[in-house]
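Each chain, written out:
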Amino acid sequence: MKKYYFSLLATFIIIHTFAQQIPPLYKDKNQSKWVDSLYNSMSLDERIGQLFMPFAASENTEENRQKIKELLNELHIGNFFFLKGNPSDEQALNNFIQRNSKYPVMTAIDAEWGLAMRLDSTAKFPWNMTLGAIQNDSIIYHIGRQIGKETGAVGFQMNFSPVIDINTNPDNPIIGNRSFGEDKENVARKGYMMMKGLQDADILTTAKHFPGHGDTSQDSHKTLPSVNFDYNRIQNVELYPYKQLIPKGLTGIMVAHLKIPSIEYMGLPTTLSHKVVTDLLQKQLGYEGLIITDAMNMKGVADFVPSGTADLQAFLAGNDILLGTIEIKKAVNDLKDAYKKGLISDKRLEKSVKKILKAKYWANLHQWQPATGKNFYPTLQDSLLNQKAFENAITLIKNDENILPIKDVAQKIAYVALGDDNSETFYTSQ
């Protein structure tokens, strides 16, 4: 009983300590001076380069290092995103990137349930659907913090997490068990705890997939899914977790490739919609943190407008970082031409670039140190956290006639204990 009350108290303390209005990306009083200094020293090409986050191959080979150097030197790319690989190679490449860039570079990984989502030989934590069944929310916080520590050990500053889509469609082919569940309040609580765990480990978070990918029956990697709910339903359900996390210091949001007629009647993908990214997310919801597109090579947007042109439209819609651009040289030139023609103002460019620089300062890139340790391999703490999570996620779906716990039996029964013998959970002797 004491253990139960302690868990409740821990959850209460975490929730109420963090439940204050927190400006996203703010670090300290020296941040603005650092950001202004870097921004003022940048050329137009260097400022535009800050807006892109291309994919980088994960193998630590001379060929890959040369490709990265070309992107750094020729296009002045300010961010990179890594896919599958091994942690030692990616750690080496993260260090290589920082050492070969004029300005600090932000690197990201998709590690929703730990580095094992992308990297071999690393710890895997339960998927969000399992975590959604846990009543003690502080467990999710500690898992998030552990994932954050291991993400930072490889040299990353950003994790594309948490997923706060509400899984109200059982036929959803892409979200499913990546969601904390179908209850909006539970999704918001769990997403908040994952967010805070990661951010307390100095890892930038990116809540996704805005405005909400949970009730679709199509995969935006393959097509442009439609969300056909009315405006009030989206405000009350899909946007609910964002309304909870934004006032609490959420550092980043990823915009999905979706078709939502009740918000964008022109049929534009949400990534390219000024009504979604600027009017809804920034003006109505008051969000001031980083806004990142979902990958621009996904067919949900790539088949809608020509490559390169889509990136320009996404920036004009209000996104800050353009992820996974297909033809990056064309996209860079399109943005540069748009600036010279007056389609992109100085104020608009400054807004996004300074947000990105603020995020880099927040993630301690102003005092970067190379990642050299090996504490991204699975540890005893990982195992204990996993065990605690699975134990607390066990859910009794049905208990017809109150069969459990077993108290009175008219015949002999067999009882087999697996793991720790805590028979009181299922069987009480008379």
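It should be noted that the structure appears before, not after, this text.
Residues numbered from 1 in each chain as written. Predicted model: local features only at pLDDT ≥ 70, side-chain atom pairs only at ≥ 80, totals over all residues. Heavy atoms only, no water.

### Here's the deal with the overall build of the protein chain
Heads up, the rule is: Where helices and strands are cited, they refer to DSSP runs of H or I of at least four residues and of E of at least two residues respectively, numbered from the N terminus. Three exposure classes are used, based on accessible area relative to the maximum for each residue type with a 1.4 Å probe and protein chains only: buried under 20%, partly exposed in between, and exposed over 50%. Whether two residues are in contact is decided by their heavy atoms: any pair within 4.5 Å suffices.
Looking only at helices and strands, one finds 16 helices and ten strands in the protein chain. Here the protein chain, with 430 residues, has 54% of them falling under the buried criterion. When contacts within the protein chain are restricted to residue pairs at least 6 apart in sequence, long-range pairs at least 24 apart make up 79% of them.

### Some details on the packing of helix H2 (residues 31-41) against helix H15 (residues 346-362)
Basically, it comes down to this: Only the stretch in contact is used when fitting a helix axis, every axis being a line fitted to C-alpha atoms; angles between N-to-C directions are given from 0 to 180 degrees. Should an angle lie under 35 degrees it is considered roughly parallel, over 145 roughly antiparallel, and from 65 to 115 roughly perpendicular; all remaining angles are considered oblique. Take the far helix as the reference: if the near one is turned anticlockwise from it by less than a right angle, the crossing is left-handed, and if turned clockwise, right-handed.
At a minimum axis separation of 9 Å, H2 and H15 run at an interaxial angle of 125°. When the axes of H2 and H15 are compared, the pair comes out oblique. Here H2 runs over H15; the crossing is right-handed. Along the contact surface, H2 presents Gln31, Trp34, Val35, Asp36, Leu38 and Tyr39, while H15 presents Asp346, Leu349, Glu350, Val353, Lys354, Leu357, Lys358, Lys360, Tyr361 and Trp362.

### Observations concerning the pairing of strand E4 (residues 106-109)
Every regular strand shows the same layout, with side chains that alternate between the two sheet faces. Definition in use: Here a strand pair is declared whenever DSSP counts at least two bridges between the two strands. Seen with the strands pointing away from the viewer, any crossover whose path from the first strand over the helix to the second strand runs clockwise is right-handed.
Here E4 shows a buried face lined by Met106 and Ala108 and a second buried face lined by Thr107 and Ile109. Relative to E4, strand E3 (residues 79-82) runs parallel, the two sharing four bridges. Across the sheet, Phe82 pairs through a bridge with Ile109, a residue of E4. Assessed by its sense of winding, the connection that carries the chain from E3 through helix H5 (residues 87-99) to E4 is right-handed.

### Here's the deal with helix H11 (residues 274-284)
Test applied: Pairs of N or O atoms are called polar contacts if they sit within 3.5 Å, as long as, within protein, a hydrogen donor faces a hydrogen acceptor (for residues adjacent in sequence, only side-chain-to-side-chain pairs).
Restricting attention to buried positions, one finds in H11 the residues Val276, Val277, Thr278, Leu280, Leu281 and Gln282. Contacts from the buried residues of H11 go to strand E7 (207-210), helix H9 (231-238), strand E8 (252-255), strand E9 (290-293), helix H13 (309-317) and H15. Capping the start of H11 is the job of one residue whose side-chain oxygen sits 3.3 Å from the backbone nitrogen of Lys275: Ser273. Just past H11, the residue Gly286 takes up positive phi, approximately 70°.

### Describing unusual backbone geometry
At the junction of Ser161 and Pro162, the peptide bond is cis and its omega measures out at 10° in the coordinates. Tracing the sequence through the fold places Pro162 in the loop between strand E5 (158-159) and helix H8 (184-200). Along the chain, Lys208 connects to His209 via a cis peptide bond; the corresponding omega equals 5°. Locating His209 in the fold gives a position in strand E7. The backbone of Leu25 sits at a positive phi, close to 75°, despite the residue not being glycine. By the secondary structure assignment, Leu25 is in the loop between helix H1 (2-18) and H2. Its identity as a non-glycine residue notwithstanding, Asp202 has a phi of 65°, on the positive side.

### Section: the packing of aromatic side chains
Put simply, the rule reads: In summary, the pairing rule links any two rings of Phe, Tyr or Trp, Trp by its six-membered ring, whose centres are within 6.5 Å, and it sorts them by plane angle into stacked for under 30 degrees, edge-to-face for over 60 and tilted for everything else.
For the coordinates displayed, the defined rule picks out seven aromatic pairs. Relative to Tyr361, the ring of Trp34 lies with its centre 5.5 Å away and its plane at 55°, an arrangement referred to as tilted. A residue pair is termed long-range when its members are at least 10 positions apart, and Trp34 in helix H2 and Tyr361 in helix H15 qualify at 327 residues. With respect to class, Trp34 is no different from Tyr361; both count as buried. Here the aromatic rings of Phe82 and Phe156 are separated by 5.9 Å at their centres, their planes lie at 70°, and the arrangement is edge-to-face. Residue Phe82 is found in strand E3, and its partner Phe156 is found in the loop between helix H7 (138-154) and E5; the two are separated by 74 residues along the sequence. Each member of the pair, Phe82 together with Phe156, is buried.

### Things to note about the sheet that holds E3
In space, the five strands of this open sheet follow the order E2-E3-E4-E5-E6, with parallel pairing throughout. Looking along the sheet, the strands with just one partner apiece sit at the ends: strand E2 (55-56) and strand E6 (204-205).

### Examining the pairing of E8
The alternating pattern of E8 places Gly252 and Met254 and Ile253 and Val255 on opposite faces, both of which are buried. Here two bridges tie E7 to E8, and the two strands are oriented parallel to one another. Bridge pairing in E8 places Phe210 opposite Val255. Relative to E9, E8 is paired through four bridges, and the arrangement is parallel. Of the residues in E9, the one forming a bridge with Gly252 is Leu290.

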